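# A structural walkthrough
What follows is the residue order along each chain.
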Amino acid sequence: MDPVADLDAAHASRGEEIVIRRYTATTGTPRPKIDIAVRATVRPMKAEDLVGGIDQTYSKVIVSPTGLSPLLPFKKGDKAVIQGRERNIEFPQPIFDGDRLVRLNLLVAG
């Protein structure tokens, strides 16, 4: 069993397409950026998750590392474009199986 291949297959059948975006300059028209389209699972926050500064504008996003190597690790300022809306990646949580990155859990806001 390959956890990355399994996640890719699950996203292919049930996920939605999002874009992971990194701006490569602070100014410019259009502002230079790198966009990588990926399949993802996007879920709203549950009531029990709404603590601290986390509110209903946040979402949980699960993505595979497949195809994302040019943007890894994620940096402050990286974005997730979900259903046409650019949102901030606030807390990227890489999940490893041994030394291998197999999944990224993202908390996105906005």
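Now for a look at the structure at hand.

Analysis parameters
- Residues numbered from 1 in each chain as written.
- Predicted model: local features only at pLDDT ≥ 70, side-chain atom pairs only at ≥ 80, totals over all residues.
- Heavy atoms only, no water.
- Helix = DSSP H or I, 4+ residues; strand = E, 2+ residues; numbered from the N terminus.
- Buried < 20%, exposed > 50% of the residue type's maximum accessible area, 1.4 Å probe, protein only.
- Contact = heavy atoms within 4.5 Å.
- Polar contact = N/O pair within 3.5 Å; in protein donor to acceptor, adjacent residues only side chain to side chain.
- Core = buried A, V, L, I, M, F, W, Y, C linked by side-chain atoms within 4.5 Å.
- Phe/Tyr/Trp six-rings, centres within 6.5 Å; stacked < 30°, edge-to-face > 60°.
- Lys NZ or Arg CZ within 6 Å of the ring centre and 35° of its normal.
- Pairing = 2+ DSSP bridges.
- Axes fitted to C-alpha atoms, helices over the stretch in contact; angles between N-to-C directions.
- Expected span 1.5 Å × (residues − 1).
- Arc of directions from axis to C-beta.

Once that is clear, we can look at the environment of Arg31. Along the polypeptide, Arg31 turns up in the loop between strand 1 (16–23) and strand 2 (33–44). By relative accessible area, Arg31 is classed as partly exposed at 37%. C-alpha of Arg31 to C-alpha of Ser64: the two residues are 33 residues apart in sequence and 27 Å apart in space. If near-sequence neighbours (up to four positions away) are discounted, Arg31 is found in contact with Tyr23, Ala25 and Thr26. Looking at Arg31, its side chain comes within polar contact range of the main-chain oxygen of Ala25, at 3.0 Å.

Attention shifts here to the nonpolar core. In terms of nonpolar packing, the biggest core is built from 17 residues, with Ile18, Ile20, Val61, Val63, Leu68 and Leu106 touching the most fellow members. Looking at which element gives the most residues to this core, the answer is strand 2, with four residues.

Along the chain, Ala37 falls in strand 2. Beyond its immediate stretch of four places on either side in the chain, Ala37 contacts Glu17, Ile18 and Val19.

Before going further, it helps to spend a moment on the packing of aromatic side chains. Inspection of every chain in the model, using the stated rule, returns zero aromatic pairs. A cation sits over an aromatic face here: Arg31 above Tyr23, 3.8 Å from the ring centre.

Sheet strands pair via backbone hydrogen bonds, and the direction of the pair is either parallel or antiparallel. The six strands lie next to each other as 1-2-3-6-5-4, forming a closed barrel whose pairing is antiparallel. Recorded for the sheet is a direction-independent mean angle of 45 degrees between the axes of neighbouring strands. With nine bridges joining them, strand 5 (residues 85–97) and strand 6 (residues 100–109) adopt antiparallel strand pairing. The partner of Pro94 across the bridge, within strand 6, is Leu104. Seen against the sheet, helix 1 (residues 3–14) touches strand 1, strand 2, strand 3 (59–63), strand 5 and strand 6 and runs at an angle of roughly 45 degrees to strand 6.

For helix 1, with twelve residues, the first-to-last C-alpha span of 16 Å sits near the 16 Å given by 1.5 Å per residue. Of the residues making up helix 1, those classed as buried are Val4, Leu7 and His11. Take helix 1 and look down its axis: the buried residues cluster within an arc of 65 degrees, on one side only. Turned more than 90 degrees away from the buried face of helix 1, the exposed residues are Ala12 and Ser13.

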